[in-house]
Amino acid sequence: MPDTSSASSVGLVTPDTAHFDTPLELACGRTLPSWELVYETYGELNAEHSNAVLVCHALSGHHHAAGYHHVDDRKPGWWDAHIGPGKAIDTRRFFVIVINNLGGCHGSTGPASVNPATGRLWGPEFPLMTVPDWVNSQAMLADRLGIERFAAVVGGSLGGMQVLQWALSYPDRIANAVVIAATPKLSAQNIAFNEVARQAIRSDPEFHDGWYAEHGVVPRHGLRLARMVGHITYLSEHAMGTKFGRDLRTDSPSFGYDVEFEVESYLRYQGDTFSTRFDANTYLLMTKALDYFDPAGAHGNDLVAAMAPVRCPFLVVSFTSDWRFAPARSWELVDALLHAGKAVSYVNIDSPHGHDAFLLPNPRYEAALGGFMQRVAHDAEVSSTASGDSR
Amino acid sequence: MRSDLTLIHRWVPEGARVLDLGCGNGELLAALYRDKQVTGYGLEIDHEGINACLARGVNVIEQDLDQGLNNVPDDAFDLVIMTQALQVLRRPDLMLEEMLRVARECIITFPNFAWWRHRLHLGLRGRMPVSNALPHHWYDTPNIHLSTFRDFEQLCSEQGHTITDRAVGNGDREYWRAQRWPNLFGQVAIFRIER
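Numbers given for residues are sequential positions, taken from 1 along each chain in its written order. In the order they appear in the text, chains get letters beginning with A and ligands get numbers beginning with 1. Local features in this predicted model are restricted to residues of pLDDT 70 or higher, and side-chain atom pairs are both shown and tallied only at a pLDDT of 80 or more, whereas totals for entire chains, interfaces and linings draw on every residue. Excluded from the side-chain calculations are hydrogens and water; all other atoms, namely the structure's heavy atoms, are used.

Trainee: Give me the side chain of Gln165(A): which residues, what numbers.
Mentor: Secondary structure is summarised from DSSP: a helix means a run of H or I of at least four residues, a strand means a run of E of at least two, and numbering begins at the N terminus for each. Relative to the helices and strands, Gln165(A) resides in helix 2 (residues 158-169). Residues count as neighbours in contact if any of their non-hydrogen atoms are within 4.5 Å of one another. With sequence-adjacent residues up to four places away left out, Gln165(A) is seen in contact with Val131(A), Pro132(A), Val135(A), Tyr170(A) and Phe293(A).

The following block contains the structure:
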């Protein structure tokens, strides 16, 4: 049983739901007439509403980033290492919001929700979401919560892309941007891995062109393969080597195709658990959102020109052993911001854990992120005092 | 603030775009942001220094100066500052050219190896000098390219740069003698150069 009352934990948390009847126009040309966002908040919003921090989640993430839902939860939220009292994103100073993105499978409107127009589940007919669409929906929730401007928007991987989009779409509503283990666009290799994952799902006989729910089945086999491929790209060769090496689960080779190597067992386990908790249509949609993200695309592939709207300081973080979104990809963003004359800081954290490093504890990562966020908190508190004085 | 930084602070024009190479804990840039409304970045590799910059709101980019400034376009800045870092670089000559590619003007400070106490150390005791400005032993020093006022002036002349200002950073120590004979009495060399 976890220590939910630990001084460094946000403790027990309960998600909230916001319902919207305002139609959301999407990049694909379609419109979501009504929709819901599920989200969690940690900490207290101050009187001036100046201390709100939005944390954006990655491909398989969701709104439950910190604390526990039940006292008997085995694990805390996915970013509990960095969100909590006294942690890098300090909930004693910030009001933290984490939203399950539209198209997700953890409560926000998505392929497993009912399409009001047909009365049927959305399934494969749920519109493809893009990073700008998500950011627009997040801004509408911010309006609802009375947050005009975020003290910071923070995210890793696909979450980092949302942060970048915030700085481009809503430059007046974001005071600081923290982009971690992300990239300004996917490489052909990144897209290739995503396509293998999608084909694994789509070629599963249980997929039924995305209508698997109506058939009362789940394309578990495809999801499992998709996750196994994805997982390889999240770890570094070194991390896999030290974790599993060439260790066998048996004393000697069996000369067959059952699980033999520890790494096979690990990947199968990861695939199995994922296939029972994640929706296949959501996985397809999320990988497409990744593939489509390319803010430079609309500017003749000139990322420097694309950065023109940016008004807030950036902190860009990469990890040395990340080969999914390698440090060189973060450099592209840093260079573009520097060439555009925008405020940017960059750190490249030594870690053996590959892309997954952004989720894990690491003293230098925590010190850099924590130091930056303390300055953000200080500025938010100063601005709240200043606005208090002017009343 | 360190005495060479106080002097540089005076030299930096209001509102300049500044690049600080080896910016340390960001003390100088923070003061320049505040007092002179400059914009700009520090480059640093020391983790403690980087963290200090982040915490005080100085834009800091983790970058090894020995890899050059390929990521910085020509004339991206008005001024490049490099304090006490020239002597640790693998190729100070190439860095000087790079600095005057990305800005018209630069300010450089480094420990003067020809300071009389250093000379005494080497000349009389026959040992590599250890001082406030050069606190390391010969075997663990990061200072691999030590030079003097005269050496540096010669490099500038070979590269065709103009020295627009020269000063000594001694604090109060031997101030007048150092003004008169910098290469003998100047502990820290401070140069302002233009291309």
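Trainee: Please give an account of the pairing of strand 4 (residues 35-42) of chain A that cites residues and values.
Mentor: Residue and element names in this part refer to chain A. When accessible area is computed with a 1.4 Å probe and restricted to protein chains, residues below 20% of their type maximum are described as buried, those above 50% as exposed, and intermediate ones as partly exposed. With six of eight residues buried, strand 4 is to be regarded as a mostly interior element. A pair of strands counts as paired when DSSP detects no fewer than two bridges linking them. Note: strand 4 against strand 8 (residues 95-99), four bridges, orientation antiparallel. Residue pairing across strands places Thr41 opposite Ile97, the latter belonging to strand 8.

Trainee: Tell me about the packing of helix 4 (residues 92-102) of chain B against helix 6 (residues 149-159) of chain B, residues and numbers included.
Mentor: Residue and element names in this part refer to chain B. At a minimum axis distance of 11 Å, the contact between helix 4 and helix 6 shows a crossing angle of 55 degrees. Considering their axes alone, helix 4 and helix 6 lie oblique with respect to each other. For the element pair helix 4 and helix 6, the recorded crossing hand is right-handed. Of the residues in helix 6, those in contact with Asp93, Leu96 and Glu97 of helix 4 are Phe152, Leu155, Cys156 and Gln159. Classifying every residue of the contact of helix 4 with helix 6 gives four nonpolar, one polar and two charged. For every element, the axis is a line fit to its C-alpha atoms; helices are fit only across the contacting stretch, and the angle between N-to-C directions ranges from 0 to 180 degrees. Note on terminology: angles under 35 degrees are roughly parallel, angles over 145 are roughly antiparallel, angles of 65 to 115 are roughly perpendicular, and the others are oblique. By definition, turning the near helix anticlockwise from the far helix through less than a right angle yields a left-handed crossing, and turning it clockwise yields a right-handed one. All amino acids are sorted into three groups, where Ala, Val, Leu, Ile, Met, Phe, Trp, Tyr, Cys and Pro are nonpolar, Asp, Glu, Lys and Arg are charged, and the leftover types, Gly among them, are polar.

Trainee: Could you give an account of empty space enclosed by the protein, with specific residues and numbers?
Mentor: All names here are of chain A. In this analysis the probe radius is 1.4 Å and the grid spacing 1 Å, with only protein atoms considered; a cavity is a set of points the probe fits into but cannot get out of, a pocket is an open set with protein on both sides within 12 Å along at least five of seven lines, and lining residues have an atom within 4 Å of a point. Grid points are joined across faces, edges and corners, and a volume is the space filled by probe spheres set on the points. Summed over all chains, the structure comprises two cavities of 30 Å³ or more. Estimates place the volume of the largest cavity at around 50 Å³. Leu59, Phe193, Asn194, Ala197, Val229, Gly230, Thr233, Tyr234, Tyr283, Thr287 and Arg324 are the residues that line the largest cavity. For the lining of the largest cavity, the secondary structure elements donating two or more residues are helix 3 (188-202), helix 4 (220-234) and helix 7 (280-292). Its residues assigned to classes, the lining of the largest cavity shows six nonpolar, four polar and one charged. Quantified by volume, the second largest cavity comes out at close to 40 Å³. Residue lining of the second largest cavity: Gln189, Asn190, Phe193, Thr233, Trp323 and Arg324, and that is the complete set. In terms of residue count, helix 3 provides more of the lining of the second largest cavity than any other element does, three residues in total.

Trainee: Before we move on, can you summarise the pairing of strand 11 (residues 314-319) of chain A with the specific residues and values?
Mentor: Residue and element names in this part refer to chain A. Taking burial as the measure, the six residues of strand 11 include six buried ones, the bulk of the element. The alternating pattern of strand 11 places Phe314, Val316 and Ser318 on one face and Leu315, Val317 and Phe319 on the opposite face, and all of these are buried. Across four bridges, the pairing between strand 10 (residues 177-180) and strand 11 is parallel. Opposite Val179, over in strand 11, you have Val316 as the bridge partner. In the sheet, strand 11 pairs with strand 12 (residues 344-349) via six bridges, with the strands oriented parallel. Within the sheet, the bridge partner assigned to Phe314 lies in strand 12 and is Val344.

Trainee: Could you give an account of the nonpolar core, naming the residues involved and the relevant values?
Mentor: All names here are of chain A. Take the buried residues of types Ala, Val, Leu, Ile, Met, Phe, Trp, Tyr and Cys, join any two whose side-chain atoms come within 4.5 Å, and each joined set is a nonpolar core. Trp79, Phe314 and Met373 are the most contacted members of the largest nonpolar core, which has 166 residues in total. For this core, the element with the highest residue contribution is helix 10 (residues 363-389), accounting for eight residues. Residue assignment places this core across two domains, with domain 1 (1-185 + 296-390) and domain 2 (188-292) each supplying three or more. When near neighbours in sequence (up to four residues on either side) are disregarded, Phe314 contacts Leu164, Ala167, Ala177, Val179, Leu337, Ala343, Val344, Ser345 and Phe372. As annotated, the domain borders come from an automatic or database domain assignment.

Trainee: Please provide a residue-by-residue account of the pattern of salt bridges, values included.
Mentor: Pairs can form between side chains of opposite charge once their charged atoms are near each other. Residue and element names in this part refer to chain A. Whenever Lys or Arg places a side-chain nitrogen within 4 Å of a carboxyl oxygen from Asp or Glu, that contact is recorded as a salt bridge. Counted under the stated rule, the structure contains 23 salt bridges over all chains. The partner of Glu214 in a salt bridge is Arg120, and the shortest N-O contact between them spans 2.7 Å. Placement of Glu214 in the loop between helix 3 and helix 4 and of Arg120 in the loop between strand 8 and helix 1 (131-144) is noted, with a sequence separation of 94 residues between them. For Glu214, a relative accessible area of 43% gives the class partly exposed. The exposure class assigned to Arg120 is partly exposed, which follows from its relative accessible area of 34%.

Trainee: Requested: an account of the environment of Asp379(A), with residues and values cited.
Mentor: Counting through the fold element by element, Asp379(A) comes out in helix 10. Taking C-alpha positions, Asp379(A) is 8.4 Å from Ala151(A), a pair spaced 228 residues apart along the chain.

Trainee: Account for the UniProt feature "binding site: substrate" (unreviewed entry) in chain A, naming residues and giving values.
Mentor: All names here are of chain A. UniProt positions are given in the numbering used here, feature names are shortened, and annotations may be inferred rather than shown by experiment. Here, UniProt's "binding site: substrate" (unreviewed entry) annotation points to Arg227 and Asp356. A compact arrangement is adopted by the annotated residues: their sequence extent is 130 residues, whereas the largest C-alpha distance between any two is 13.8 Å. Among the residues just listed, Arg227 and Asp356 line the largest pocket. Considering the arrangement of structural elements, one finds Arg227 in helix 4. Look at Arg227 and you get buried, because its relative accessible area is 7%. Excluding residues within four positions of it along the chain, Arg227 makes contact with Ser60, Tyr234, Gln270, Gly271, Phe274 and Arg277. Leave out the neighbours within four places in its chain, and Asp356 touches His231, Tyr234 and Leu235.

Trainee: Give me the lowdown on the interface of chain A and chain B, citing residues and values where you can.
Mentor: With 22 residues of chain A at the contact, the number on the chain B side is 17 residues. For the pairing of chain A and chain B, the buried interface totals around 1500 Å² over both sides, and the portion due to carbon and sulfur atoms is 58%. Along the contact surface separating chain A from chain B lie one salt bridge. Between Arg364(A) and Glu62(B) there is a salt bridge, and its shortest N-O distance comes to 2.8 Å. Identification of polar contacts relies on pairs of N or O atoms within 3.5 Å, with a donor-acceptor requirement for protein atoms, meaning one able to donate a hydrogen and the other able to accept it, and with residues adjacent in sequence counted only if both atoms are side-chain atoms. Here chain A is connected to chain B by eight residue pairs in polar contact (both at pLDDT 80 or more). Contributing elements (two or more residues each) for the side of chain A that touches chain B: helix 9 (327-339), strand 12 and helix 10 of chain A. Put simply, buried area is the surface a 1.4 Å probe can reach on two separate parts but cannot reach once they are joined, added for both.

Trainee: Tell me what's going on with helix 7 of chain A, and back it up with residues and numbers.
Mentor: The α-helix winds at 3.6 residues per turn, so residues separated by three or four positions along the chain end up facing the same way. Residue and element names in this part refer to chain A. What a helix is expected to span follows from its residue count: subtract one and scale by 1.5 Å. Taking 1.5 Å of rise per residue, 13 residues should cover 18 Å, and helix 7 covers 19 Å from first to last C-alpha, within 8% of that figure. Counted residue by residue, helix 7 has 11 buried out of 13 residues, so it is predominantly covered. Among the structural elements, helix 1, helix 2, helix 3, helix 4 and helix 6 (262-277) are those in contact with the buried residues of helix 7. N-capping of helix 7 is provided by Asp279, with a side-chain oxygen placed 3.2 Å from the backbone N of Asn281.

Trainee: Please give an account of the environment of Asn362(A) that cites residues and values.
Mentor: All names here are of chain A. Relative to the elements of secondary structure, Asn362 occurs in the loop between strand 12 and helix 10. On the basis of relative accessibility, which here comes to 12%, the residue Asn362 falls in the buried class. Separated by 11 residues in the primary sequence, Asn362 and Ser351 place their C-alpha atoms 7.9 Å from one another. Look past the residues within four positions of Asn362 in its chain and what remains in contact with it is Ile349, Asp350 and Ser351. A polar atom in the side chain of Asn362 sits 3.3 Å from the backbone oxygen of Asp350. Only 3.0 Å separates the side chain of Asn362 from the backbone nitrogen of Arg364, close enough to count as a polar contact.

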